[in-house]
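One-letter residues, chain by chain:
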Amino acid sequence: MGAPLLNYDNVIKAVRILTDVDGPQFSKRRITVSTCGIVPRLKRLSQDTEAALAVSLNAADNAVRQRIMPITRKYPLTDLMEALRAYQLPNRRRITIEYVLIRGVNDSPKDVREFIRILHGLKAKVNLIPFNPWPGCEFQAPDQRAVLAFEEHLKNSPYTVMLRKEKGTDILAACGQLAGGVIHDGQGIDRFFAESAKLSGKAEEHSSHTDPHISVSYTHLRAHETVLDLVCRLLLEKKKKTNTQTDKNTTIFFINLHTYNLLQHTVHTPDSHYFQQ
């Protein structure tokens, strides 16, 4: 969906609408604006909203953070930490610091000591998140012992730590792993399942589809696009290419990346506004 602080005016407007007495009246404490560290916007944010703030830090070393978060080239870690220390928090509020643990990159005892050091003087709590890999990714999930050791170090520091529980890793539908895909026109679905089993370390059996006209191609959702929007967009693009009427019983499969159980959606509305162009 992109970085919220790069869509600053609309984000602030949305927060104000959500918290307005004539609107949904959400508590400002229940709304969190998350950022990768857009430093100039951080200097304005506390003046424009009392929504909570979460920052993806992920490393205590500038070079390491630059490797995993290229935004660091533009906004170095020292500048980000300075902006966070200057951030005006409402009473009894803290900044949530998000730290994704990646094996051999930022999960060592030295890393946690440096992490605690750079947090000094900051009103913060830590959200610790084990990394969830996907096919072709250069990074690996941390060892469980490293995760627990990192967490224990933080428990013995002045900072509250929350360890995110992993759910959906067996079907690669955990945090950071979701993507859209469409089954259509042809070949190779077994390769999709084989990659899934290989990455998860499980050679799980699956029901292969006998239809020779079904294959997988990955198509990501655009910003603000729903699954149905995606399906209709792809059908429209296919119609333009073939210049034929879309079959009203065309079946589309939406896939959470590397999920063995496909969620089947059958489109029965070829006359919808998507197909009037």
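Use the structure listed above.
This text gives an overview of the structure that appears in the document. Please read these numbers as outputs of a predicted model, since none were measured by experiment.

**Side note on the overall build of the protein chain**
Phase 1 of the analysis: Scanning the protein chain for helices and strands turns up 8 helices and 9 strands.
Phase 2 of the analysis: Sequence separation of at least 24 residues holds for 67% of the intrachain contacts in the protein chain that already meet a minimum separation of 6.
Phase 3 of the analysis: Carbon and sulfur atoms provide 50% of the accessible area of the protein chain, an area that totals close to 16400 Å².

**Overview of the pairing of strand β1 (residues 32-35)**
Phase 1 of the analysis: Only one face of β1 is buried: it carries Val33 and Thr35, and the other face, with Thr32 and Ser34, is open.
Phase 2 of the analysis: As paired elements, β1 and strand β2 (residues 52-56) share 4 bridges and run parallel to each other. Among the inter-strand pairings, Ser34 is bridged to a residue of β2, identified as Ala54.
Phase 3 of the analysis: Once you follow β1 into helix α2 (residues 39-48) and on to β2, the crossover reads as right-handed.

**Description of the pattern of salt bridges**
Phase 1 of the analysis: By the definition in use, this model includes 5 salt bridges.
Phase 2 of the analysis: Across the pair Arg67 and Glu138 runs a salt bridge, and its minimum N-O distance is 3.5 Å. Residue Arg67 is located in helix α3 (residues 62-68), and its partner Glu138 is located in the loop between β4 (124-130) and α6 (144-155); the two are separated by 71 residues in the primary sequence. In this structure, Arg67 and Glu138 share a single accessibility class: exposed.
Phase 3 of the analysis: Between Arg117 and Glu114 there is a salt bridge, with its nearest N and O atoms 3.0 Å apart. Linking Arg117 with Glu114, this pair stays in helix α5 (residues 109-118), spanning 3 residues, or about one helical turn.
Phase 4 of the analysis: The exposure class assigned to Glu114 is partly exposed, which follows from its relative accessible area of 30%.

Criteria and cut-off values
Residues numbered from 1 in each chain as written. Predicted model: local features only at pLDDT ≥ 70, side-chain atom pairs only at ≥ 80, totals over all residues. Heavy atoms only, no water. Helix = DSSP H or I, 4+ residues; strand = E, 2+ residues; numbered from the N terminus. Contact = heavy atoms within 4.5 Å. Areas by Shrake-Rupley, 256 points an atom, 1.4 Å probe, with all protein chains shown as cover. Buried < 20%, exposed > 50% of the residue type's maximum accessible area, 1.4 Å probe, protein only. Pairing = 2+ DSSP bridges. Right-handed = clockwise from strand over helix to strand, strands pointing away. Salt bridge = Lys/Arg side-chain N within 4 Å of Asp/Glu carboxyl O.

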